[in-house]
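Spelled out from the first residue to the last, the chains are:
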Amino acid sequence: MIEQETFRLLEWQRLCQHLSTFSATKLGALASQNLAIPNTVTETEYLLEQTKEVCQLEMDINANWSFNGIHDIGDSLERAKIGGILSGEELLNLATTLSGVRKLRRVIEDQENAPTLQELVNDLRTFPELEQEIHYCIDDRAEITERASPLLGEIRQKIKGLRSNIQQTLQGIIQRNNNALQEPVVTQRGDRFVLPIKASHSGQIQGIVHDTSTSGSTLYLEPRSIVDLGNKLQTSRNQEKREEERILRQLTEKVGEVWQDLEQLLAIATALDLATAKSRYSIWLNGHPPEFVDFQDGESISLRQLRHPLLIWQQKHEEGKEVIPVDVLVNPETRVVAITGPNTGGKTVTLKTIGIIALMAKVGLFIPAKYPAQIPWFKSILADIGDEQSLEQSLSTFSGHIRRIIRIVEALNDPPQPPLVRGETQSGGSNSLVMGETQSGGSNSLVLLDEVGAGTDPSEGTAIAIAILKYLAEHNLLTIATTHYGELKSLKYNDSRFENASVEFDEVSLQPTYRLLWGIPGRSNAITIAQRLGLPVDIVTEAQELVGGFSHDVNDLISALENQRREQENKHKQAQELLAKTELFYQQVEAKASSLQARERDLKLQQEQEVQKLLLDAKSQIAQVIKGLQKKNEPTAQSAHQATEVLNKIGDRFLTPLKVKSSYKPKVGERVRILSIGQTAEVLTVDDDTEQLSARFGIMKMVIPFTDIESLDGKRFEKVTSTPEKTKVTVNKQQSKTVNQPKTESKPVNVRTSQNTVDIRGKRVHLAEPLLEKAIANATDIGSLWIVHGKGTGSLRSGVHEFLKSHPQVSNFELAKQNDGGAGVTVVYLK
């Protein structure tokens, strides 16, 4: 199949292998390595939304997005479905998987803007009762606990008693017959307890010999006195195994009853891990989400600073060369792009880059290009790249290329699929922008042809190449071809559907720069290179004469265009440098202005504080005078009262109360500058109570305090300060009274009762969580909850705190005061 062959030529499997290294589970790695290509644009947009939403989770350090505990339980489900018995380890893996997926669902449900992920987990069942029962019966070592059944507990107690009796009996034999033993130790052979007896003293202790040492000097003997105890022990062990098997079978049957739901859970976990791998890989590539444009309806392809993902991997992991980006800019009128230029100039790499990027966009990966990355959604990507020479099939290079092009044409002429509608919703709604077949009835595909028409007589090869490209221009959305044939460069000037591009070549260093130039055909550099490398002048001169004047004129024209382009690039670079200097100057001026404003505020506040201090000192002195007058009981208090009023007037004159400042506040839809990162963002929501706003920066959504933003014209938010109340002193003949003093508000005190206290001491975290859920629900009206977990090793306390961090009803929590339990009790404050 030509599409599968294209995947091989573009090294798609290698990219999938790189993607799998970013997955968190074996399930995700396997899904990444076998990445399916969507057949519709709707599927692609759904996958792309998943990648975007997981990106937001990955960027949120408080999201706790983790796949810990999730295992590949597929084989276990298959065996449970057909009536097999799962081991303790398999059941434990199933229980931890249920817990891990439930935590992922909780994280997703707490997100404000993750509709695609929320839809994915909307009908997910995680069976907490089954998980709890498995943990009750199986411990963290995957061993069955005694509490799993009363009978098992009795059997194990019996085994423990028999082992103790056997040990005591053997210790007595060792003490009485120490000279007959090689070592005074008890060992085992099979399931029997034995003593290492010297062969020369074999008759001293009666019993059954179960083994002999290699030299024959030691006999491993089970004394007769413990044979009966050993038989009873073996019988009890068999009973234990049967009871353990019964418990495992019972748990497995419960798993088998819900195997379909568990398979669905496993599929959702795999989809979440695959989306996570795509998100992490996209972030690692510094990529941006593709924007699918309608190329045939007038929207251009714009991929600036495009880099090949496999070359990025080589650069970062295999000490490869620095990746040189290319710009892919195609007008909507174009149907065929002919890329020309010297060998090893990067033409084939450019083809592979465009092809693999188109595939990445289809599977929901971000594109390693500058924002915005605009590309059509191609129904298929078909390529003829590389040498198809085959000795077994007697195929020349030319024949191999032609056979592959025939398969490409056949694929383009397959019966068209139903039109794919961009923006189509699951309910069937759509807009009028169709992305199915081209206007001319051709295929909505991307065709990549390397050295089209090569490998045969140049004149015939040129004719075949032109015919193929004209056919594709009529029957396909976009074709990109590399060639050395000069005649293909002129197609652009006779047909508007054709466009030229070339790979740049430095004539000074005689090396390609690997940059892609649009609108300029590649110039023939063979004679120039030969001359620089030392080919005799006579030969070079004759070669130039054979090429002819027309070719020379064309090369001169191309050279002039290249010089003009370089001149424009230099001017653009100078303009960019001037703009950067201007921005730096603006920032410096702005910083100085802010510094001066802050200094002015500090000086004003200092002056007001000094005046206030002087006034308070004066008031204190007047108050003492009044107090002295009152003690003398003289009718001069009136004069003291008048003095106080005069003092208040002085205060009104010199002490200007702090007024409420009009502060800048952001508005929804406004663009503001984020001070901490120096970037601009769009305001989505504003919360005046918490003095925070949410803003979109690129594809990211952030929650930012008012103090970390400023308007584009330099305004900033300032905390509102209330007017301080003046302290006035009034005096009458009997006493002086102070009025208008601020009152201290008392905070509500939470009282601990039996209704808002839960004791989980001695329990495991997973068993305590259901109790905590119930306690939180009961204490919601009270507002607080005391959790008694004890001190111990601290593991239960840590587990409880991790549970509380992600609980939606918990506002905050802290350890209790020392007289209320200290580190053994956690106080939880509920919303």
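Bear in mind the structure is a predicted one, so any value in this text is a computation, not a measurement.

## Some points on the pairing of strand S12 (residues 476-482)
Counting buried positions along S12 gives 7 out of 7 residues, so the element sits mostly inside the fold. As judged from the 4 bridges shared by strand S8 (residues 336-340) and S12, these two strands associate in the parallel manner. Residue pairing across strands places Ile 339 opposite Thr 482, the latter belonging to S12. A crossover links strand S11 (residues 443-449) with its parallel partner S12, the connecting element being helix H15 (residues 458-475), and its sense is right-handed.

## A few points about helix H13 (residues 347-362)
The end-to-end C-alpha separation of H13 is 23 Å, in line with the 22 Å expected for 16 residues at 1.5 Å each. Within H13, 13 of the 16 residues are buried, which leaves the element mostly enclosed by the surrounding structure.

## Here we look at the packing of helix H3 (residues 26-33) against helix H11 (residues 259-284)
Direction vectors running N to C along H3 and H11 enclose 65°, while the axes themselves pass 8 Å from each other. Our classification of the angle between H3 and H11 gives roughly perpendicular. Between H3 and H11 the crossing geometry is right-handed. Across the interface between the two elements, Leu 27, Gly 28, Ala 29, Ala 31 and Ser 32 from H3 touch Leu 266, Thr 270, Asp 273, Leu 274 and Ala 277 from H11. Of the residues in the contact of H3 with H11, the class split is 6 nonpolar, 3 polar and 1 charged.

## With respect to the pattern of salt bridges
The tally for this structure, following the rule as stated, stands at 32 salt bridges. As a salt-bridge pair, Glu 5 and Arg 404 come within 3.0 Å of each other at their nearest N and O atoms. On the criterion of sequence distance, the pair formed by Glu 5 in helix H1 (residues 2-9) and Arg 404 in helix H14 (residues 397-412) is long-range, its members being 399 residues apart. In this structure, Glu 5 and Arg 404 share a single accessibility class: buried. A salt bridge links Glu 499 to Lys 492; the shortest N-O distance between them is 3.1 Å. Taking the relative accessible area as the measure of exposure, Glu 499 reaches 14% and is therefore buried. Taking relative accessible area as the criterion, Lys 492 reaches 26% and is therefore assigned partly exposed.

## Structural notes on the packing of H1 against H14
In contact at an axis separation of 10 Å, H1 and H14 are set at 125° when each is read in the N-to-C sense. The pairing of H1 with H14 is recorded here as oblique in orientation. Across from Ile 2, Glu 5, Arg 8 and Leu 9 in H1, the residues of H14 making contact are Arg 404, Arg 407, Ile 408 and Ala 411. When the residues that make up the contact of H1 with H14 are grouped by side-chain class, the tally is 4 nonpolar, no polar and 4 charged.

## Looking at the packing of aromatic side chains
Considering all chains together, one arrives at 6 aromatic pairs under this definition. Plain terms: the ring middles of Trp 65 and Phe 67 are 5.7 Å apart, the flat faces sit at 90° to each other, and that makes the pair edge-to-face. The interplanar angle of 15° and the centroid separation of 6.1 Å between the aromatic rings of Tyr 281 and Trp 284 together place this pair among those described as stacked. Taken together, the residues span about one helical turn, with Tyr 281 and Trp 284 both in helix H11 at a distance of 3 residues. Assigned by exposure class, Tyr 281 and Trp 284 land together as buried. One aromatic cluster is present, built from ring pairs that chain together Phe 22, Tyr 281, Trp 284 and Trp 313. Seen from the ring of Tyr 136, Arg 147 lies directly overhead, with NZ or CZ sitting 5.0 Å from the centre. For the cation-ring pair, Lys 316 lies above Trp 284, with the distance from its terminal atom to the ring centre recorded as 4.5 Å.

Criteria and cut-off values
- Residues numbered from 1 in each chain as written.
- Predicted model: local features only at pLDDT ≥ 70, side-chain atom pairs only at ≥ 80, totals over all residues.
- Heavy atoms only, no water.
- Buried < 20%, exposed > 50% of the residue type's maximum accessible area, 1.4 Å probe, protein only.
- Helix = DSSP H or I, 4+ residues; strand = E, 2+ residues; numbered from the N terminus.
- Pairing = 2+ DSSP bridges.
- Right-handed = clockwise from strand over helix to strand, strands pointing away.
- Expected span 1.5 Å × (residues − 1).
- Axes fitted to C-alpha atoms, helices over the stretch in contact; angles between N-to-C directions.
- Parallel < 35°, antiparallel > 145°, perpendicular 65-115°, else oblique.
- Left-handed = near helix turned anticlockwise from the far one by under 90°.
- Contact = heavy atoms within 4.5 Å.
- Nonpolar A, V, L, I, M, F, W, Y, C, P; charged D, E, K, R; others polar.
- Salt bridge = Lys/Arg side-chain N within 4 Å of Asp/Glu carboxyl O.
- Phe/Tyr/Trp six-rings, centres within 6.5 Å; stacked < 30°, edge-to-face > 60°.
- Lys NZ or Arg CZ within 6 Å of the ring centre and 35° of its normal.

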